[in-house]
Amino acid sequence: APVLALDVGGTKLAAGVVSAEGTLLSSFRSAETPLAAGPEAAISRLVDLGEKALAEAGHPEIAAVGVGCGGPLDPRTGVILGPPGLPGWDEVPLGRLVAEHFGPPTYVENDATAAALGEYRWGGWNVENLVYLTVSTGFGGGVVADGKLFRGAADQGGELGHVVVDWQGRQCGCGARGCAEAYVSGTSIARRAAEALLDRPDSSLAGVGTLTAKDVFEHARGGDPVARAIWDETTAILGRMVAVIVNVWEPDLVVLGGGVTRAGGPLLEPVRETALRQAMPPAAKACDVVLSHHGDTVGVLGAAAIAYDRLE
Ligand code: ADP
Ligand code: ZN
């Protein structure tokens with residue numbers, strides 16, 4: 001039987017019905033995550049999207065519900081533990097609330113961890129060691145090592161977004177200073193650009209209004225030096241971060257996904273070049289850095305992969 005897969009991001013919500021072969025039978029997404037209205041409003045929107053996906057797929061019998069959400073969260077209880085990208089989601093029993101609506105079994109997982117498993121199963125890569133990094137509203141990662149999802153002692157391992165890249169660096173939403181997420185995330189790209197504008201009101205970004213990472217990318221491509229500097233800083237930090245990952249895990253593949261990777265080559269190429277130049281030569285030779293083929297559906301496919309994995 002297929003599974004229902006739900007994806008909770010800081011920018012968008014998505015739902016889909018996914019077969020055991022990883023085929024998306026139906027999918028829906030919301031234009032935005034209604035963050036200001038609190039978790040209940042967002043979860044009720046998520047449930048609506050799930051109902052729409054089930055209706056579109058012809059109301060199939062489903063084997064389970066998989067839910068991907070920004071961490072930290074407890075995948076054993078399905079409780080969300082105050083992710084920086086989801087303000088007010090402190091101790092929210094997402095798993096229980098979803099199960100009350102659709103029925104158990106319902107499995108909740110860190111969205112990047114889920115996407116790593118989705119890429120491993122259905123990415124078409126045919127490798128046993130894969131690290132997935134999502135550059136979206138936030139920044140997170142997941143690790144498949146020797147063909148198995150790496151979980152760690154508290155089931156929340158592979159949390160790569162909060163690796164410190166500058167111990168005296170920017171304040172991160174997690175409370176620490178200088179985490180990768182404080183630089184490599186859509187939120188930080190937009191925020192750093194807004195800060196840079198205070199000194200450089202001549203930038204073409206000045207006319208935009210409320211900035212997004214997408215604006216920064218488009219103006220960088222258009223030749224604006226302020227946007228360009230933010231973009232280059234972001235890819236330089238991400239490239240070095242990927243080099244560390246390549247040394248530590250020696251993956252066959254580092255897969256990049258999430259909304260910011262819609263920028264395509266101008267994100268991938270500098271990151272790939274920096275990472276493979278900076279990593280230890282044997283590890284670098286064994287590895288490649290690529291973009292996910294799944295685009296916006298990577299979160300839904302990941303949540304589905306988690307549901308199948310936990311059912312097995
Ligand atoms: P979520 O975090 O909810 O899963 P996404 O993965 O879609 O959402 O990521 C949203 C982020 O992606 C936003 O910061 C947005 O500005 C950024 N983004 C979307 N399209 C592009 C693009 N073409 N280039 C760069 N950034 C983009
Ligand atoms: Zn942090």
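Above this note sits the structure.
Basis of the calculations
Residues numbered from 1 in each chain as written. Chains lettered and ligands numbered in written order. Predicted model: local features only at pLDDT ≥ 70, side-chain atom pairs only at ≥ 80, totals over all residues. Heavy atoms only, no water. Near = heavy atom within 4 Å. Polar contact = N/O pair within 3.5 Å; in protein donor to acceptor, adjacent residues only side chain to side chain. Areas by Shrake-Rupley, 256 points an atom, 1.4 Å probe, with all protein chains shown as cover. Phe/Tyr/Trp six-rings, centres within 6.5 Å; stacked < 30°, edge-to-face > 60°. Helix = DSSP H or I, 4+ residues; strand = E, 2+ residues; numbered from the N terminus. Buried < 20%, exposed > 50% of the residue type's maximum accessible area, 1.4 Å probe, protein only. Contact = heavy atoms within 4.5 Å. Pairing = 2+ DSSP bridges. Donors = N, O, S within 2.8 Å, 3.2 Å for Na, K, Ca; no water. Tetrahedral: all angles 85-135°; square planar, octahedral: opposite > 155°, others 65-115°.

With respect to the site of ligand 1
Close to ligand 1 lie 16 residues, the nearest being Thr-11, Lys-12, Ser-136, Thr-137 and Gly-259. Backbone polar atom of Ala-213 to an oxygen atom of ligand 1: 3.3 Å apart, as the coordinates give it. Between an oxygen atom of ligand 1 and a main-chain N or O atom of Lys-214, the distance comes to 3.3 Å. In the complex, the protein chains occlude 88% of the 590 Å² of accessible area that ligand 1 would expose alone.

A few points about the packing of aromatic side chains
Each aromatic ring pair is described using two quantities: the centre-to-centre distance and the angle formed by the ring planes. For the structure shown, the criterion picks out 3 aromatic pairs. A ring pair is formed by Trp-122 and Tyr-308, whose centres lie 6.2 Å apart and whose planes are at 85°; its orientation type is edge-to-face. With a gap of 186 residues between them, Trp-122 in helix α3 (residues 111–122) and Tyr-308 in helix α9 (residues 298–311) connect regions that are remote in the sequence. Pairing Phe-150 with Trp-249 gives two aromatic rings, centres 5.0 Å apart and planes at 65°, and the pair type is edge-to-face. With Phe-150 in the loop between β11 (148–149) and α4 (186–199) and Trp-249 in helix α6 (residues 225–249), this residue pair connects regions lying 99 residues apart in the sequence. Of the residues examined, Phe-150 reaches a relative accessible area of 32% and is grouped as partly exposed. Using a relative accessible area of 27% as the deciding quantity, one classes Trp-249 as partly exposed.

Comments concerning the side chain of Asp-155
Tracing the chain through its elements places Asp-155 in the loop between β11 and α4. Among the polar contacts listed, one links the side chain of Asp-155 to the side chain of Arg-76, at a separation of 3.5 Å. Apart from the residues lying within four places of it in its own chain, the contact partners of Asp-155 are Pro-75 and Arg-76.

As for the pairing of strand β12 (residues 253–257)
The buried count for β12 comes to 5 of 5 residues, which makes it a mostly enclosed element. Burial along β12 is two-sided: the residues Leu-253, Val-255 and Gly-257 and Val-254 and Leu-256 are all buried. Of the pairings in the sheet, the one linking strand β9 (residues 130–135) to β12 comprises 5 bridges and is parallel in character. In the sheet register, Thr-134 faces β12, and the bridge partner there is Gly-257. Where β12 meets strand β13 (residues 288–291), 4 bridges bridge the pair, whose relative direction is parallel.

Let's talk about the coordination of the zinc ion (ligand 2)
Reference values for angles at a metal are 109.5 degrees in the four-donor tetrahedral case and 90 or 180 degrees in the six-donor octahedral case. Distances from the zinc ion (ligand 2) to its protein donors, His-162 (ND1), Cys-172 (SG), Cys-174 (SG) and Cys-179 (SG), fall at 2.0 to 2.3 Å. Classification of the site at the zinc ion (ligand 2) as tetrahedral follows from its 4 donor atoms and the range of 107 to 115° in their angles at the metal. Spacing between the donor residues of the zinc ion (ligand 2) along the chain follows H-x9-C-x1-C-x4-C. Assigned by exposure class, Cys-172 and Cys-179 land together as buried.

Everything listed here is a matter of geometry and, on its own, says nothing about what the molecule does.
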